[in-house]
Amino acid sequence: MSGAKQGAAPSQEGRPGHRYSPGWRTLTIVILRPLLYGLLRRDWRGRGNVPRKGGVIIAANHISEADPLALAHFVYESGRYPVYLAKSTLFDVRFIGAVLRGTGQIPVYRDSADASLALRDAEKALLDGECLMFYPEGSCTRDPELWPMTGQTGAARMALKTGAQVVPVASWGAHELMPYKKGEQKGLAGSLKKGVHPLPRKRMQVIAGPPVDLTRYAGLPLDRDTLRAATDDIMAAITALLGELRGEEPPEVPFDHHKVLEERRRAAQEQAAETARGAVPEQARPSGPESARAAEPKAADS
């Protein structure tokens, strides 16, 4: 494991370093390590691709709310203590918040003027030599077959800004322990029974690949095109590793959750408009000149 730091250690730039408590980190190891050994059977590959020193980004796929702990176990046994970017609301929960702050996890503020603080703190942690865990998809995959979705650009931005390596990691098995409760209701995701299923013991497969080669983006402006291309490279590496674990060929085009949501929203709006048109009584609808003349009373026969 990398050396522990108490309080605020000086960073490479002379600023206050990334804060955490060695005591809290030791406590989580003592509690969680034997628990995870007993809960999951392990099939781990590529631990040698996780560097033992220096700031590094672990970029992984996300299939279940249970895979962060399993992935953390893999990373710890590879010689590093994992630091996650977690929802800021979790830091407000009494005991959980204390654990997150004590172990040096980084809060992510959403829909707030403080949203940039997460990237600032993540950059500080990388410069201090921490091992940062990123889920580039931003949430559990919505792909019906549980393949990785298109990624968000935060991991690529951090890597290109700090020079930290990005190690792609794929995991498989956590979806059987705890399927994502908001997953798709079709395909493999739809076939999974919701809830927690610890028995029989589930096999957790994890594989780490060599660092993603991002050298062709060095020196380029961190604009939308650069970040998008670098993110696609990262996601392609993760997806290829998952295909290796599953023994299947990944889809040629990754699932784009935002595009699917937009298509569903548009379809819902069109359906609502069609329903509204059908709900208007025929006699209440505007009529043209021909219908107006047809509605005029006819003269009586003489």
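Now for a quick tour of the structure. (Residues numbered from 1 in each chain as written. Predicted model: local features only at pLDDT ≥ 70, side-chain atom pairs only at ≥ 80, totals over all residues. Heavy atoms only, no water.)

## Quick word on the overall build of the chain
Next, step 1: A tally of helices and strands in the chain yields 10 helices and seven strands.
Next, step 2: Contacts in the chain between residues far apart in sequence, at least 24 positions, make up 75% of those at least 6 positions apart.
Next, step 3: For the chain, the exposed surface amounts to about 16800 Å²; the carbon and sulfur share of it is 54%. (Helix = DSSP H or I, 4+ residues; strand = E, 2+ residues; numbered from the N terminus. Contact = heavy atoms within 4.5 Å. Areas by Shrake-Rupley, 256 points an atom, 1.4 Å probe, with all protein chains shown as cover.)

## Points about the nonpolar core
Next, step 1: Core analysis: the biggest nonpolar cluster contains 23 residues, and Ile 58, Leu 71, Phe 74, Met 133, Val 169 and Val 206 have the highest contact counts within it.
Next, step 2: When residues of this core are traced back to their parent elements, those giving at least two are β1 (40-45), β2 (56-60), α2 (67-77), β5 (131-134), β6 (165-172), α6 (174-177) and β7 (202-208).
Next, step 3: Beyond its immediate chain neighbours, meaning those up to four positions away, Leu 71 contacts Ala 60, Tyr 84, Met 133, Tyr 135, Val 169 and Val 206.
Next, step 4: In this structure, Ile 57, Phe 134, Met 158 and Val 212 belong to the second largest nonpolar core, which totals 22 residues. (Core = buried A, V, L, I, M, F, W, Y, C linked by side-chain atoms within 4.5 Å. Buried < 20%, exposed > 50% of the residue type's maximum accessible area, 1.4 Å probe, protein only.)

## Let's talk about the sheet that holds strand β3 (residues 82-87)
Next, step 1: One open sheet holds the seven strands; their spatial order is β1-β7-β6-β2-β5-β3-β4, and the pairing between them is mixed. Here the strands that pair on one side only, and so sit at the sheet edges, are β1 and β4 (106-108). Shown here is a sheet whose adjacent strand axes are inclined to one another by a mean of 25 degrees, direction ignored.
Next, step 2: Direction of pairing for β3 relative to β4: parallel, over a ladder of three bridges. Residue Ala 86 lies in a different strand from β4, and its bridge partner there is Pro 107.
Next, step 3: On the sheet, helix α8 (residues 224-246) packs against β1, β2, β6 and β7 and is oriented at approximately 35 degrees with respect to β6. (Pairing = 2+ DSSP bridges. Axes fitted to C-alpha atoms, helices over the stretch in contact; angles between N-to-C directions.)

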